[in-house]
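# Coordinate analysis (summary)
Letter by letter, the chains look like this.
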Amino acid sequence: MTAHILLVEDEVKLARFVELELTSEGYQVSVANDGMTGLTLARESKPDLVILDWMLPGLTGVELCRRLRSTGSKIPVILLTAKDEISDRVAGLDAGADDYVVKPFSIEELLARIRAHLRRIEENKQDTDILQFEDLSLNRRTREIFRDKRAIELTAKEFDLLEYLMGNPRQVFTRDQILEKVWGYDFVGDSNVIEVYIRYLRIKLEENNETRLVHTVRGVGYTLR
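Source: prediction; values computed, not measured.

## Some points on the overall build of the protein
- Looking only at helices and strands, one finds eight helices and twelve strands in the protein.
- Overall, the protein is about 65 × 35 × 30 Å in size when its C-alpha atoms are taken along their principal axes.
- Residue pairs at least 24 apart in sequence account for 58% of intrachain contacts in the protein once pairs closer than 6 positions are excluded.
- In the protein, which carries 32 positive and 39 negative side-chain charges, the distance between the mean positions of the two groups comes to 5 Å.

## Quick word on the confidence of the model for the protein
- Looking at the protein as a whole, its pLDDT mean stands at 89, while 95% of the residues score no less than 70.
- Here helix 4 (residues 86-94) stands out as the element of the protein with the lowest mean pLDDT, 81, in contrast to strand 1 (residues 4-8), whose mean of 97 is the highest.

## With respect to the pairing of strand 4 (residues 77-81)
- Counting buried residues along strand 4, five of its five residues qualify, which places the element largely inside the surrounding structure.
- Residues Val77, Leu79 and Thr81 point to one face of strand 4 and Ile78 and Leu80 to the other, with burial holding for every one of them.
- Summarising the sheet, strand 3 (residues 49-53) and strand 4 pair through four bridges and their orientation is parallel. Its bridge partner lying in strand 4, Ile51 is registered against Ile78.
- A crossover connection joins strand 3 to the parallel strand 4 through helix 3 (residues 61-70); in handedness this β-α-β unit is right-handed.
- Taken together, the four bridges between strand 4 and strand 5 (residues 99-102) define a ladder with parallel strand orientation. Note that in strand 5 the partner of Leu79 across the bridge is Tyr100.

Here is what the cut-offs are and how they apply
- Residues numbered from 1 in each chain as written.
- Predicted model: local features only at pLDDT ≥ 70, side-chain atom pairs only at ≥ 80, totals over all residues.
- Heavy atoms only, no water.
- Helix = DSSP H or I, 4+ residues; strand = E, 2+ residues; numbered from the N terminus.
- Contact = heavy atoms within 4.5 Å.
- Lys, Arg positive; Asp, Glu negative; His and termini not counted.
- Charge placed at Lys NZ, Arg CZ, Asp CG, Glu CD.
- pLDDT = per-residue confidence, 0-100.
- Buried < 20%, exposed > 50% of the residue type's maximum accessible area, 1.4 Å probe, protein only.
- Pairing = 2+ DSSP bridges.
- Right-handed = clockwise from strand over helix to strand, strands pointing away.

As structure tokens, this is what we get:
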């Protein structure tokens, strides 16, 4: 998907130049020319990356960044600044900026910094797609499951059940908790369906006599350990 970049820059000509360069690189670009508008756009449009000028009317880039971070936002922020003192760089980074580019800058350098941060975001997303427990791995995005190097084919509901257990390893879940999270609030049927699916999972996960990972806790429920 095309990355969405928010550019907050009060120098109109510079903003237009950077916007055109970013657009030509295939990015979706939103532009604000003052701090308050930039803050509003950052909160409402949820961009993938923000480029902030340090000196902005109404609200400085550093203050804008600080306010974003105070809300828990983890959007990568690159500061554009004419300030090149160590103390200024530290102030920007302490406010929550991820990077800074000193004016005047090369557009190639800015583009390289942008690519690096977006690549890091994508790598982090891929990391969260993979659940790993012992020699068992599950890919949420591709819906692939491996026991060591052996691929395992699961039905949609078997996958959902295993994903729930692997997302909370060593935690014991009751039948009611599993029904609610995996089958949904509106499930109408016999709760023994869980035992049936646990048995299906074990057969497939232990096909080559591998160690049992899905355990029954008598009188309570099931756990992955």
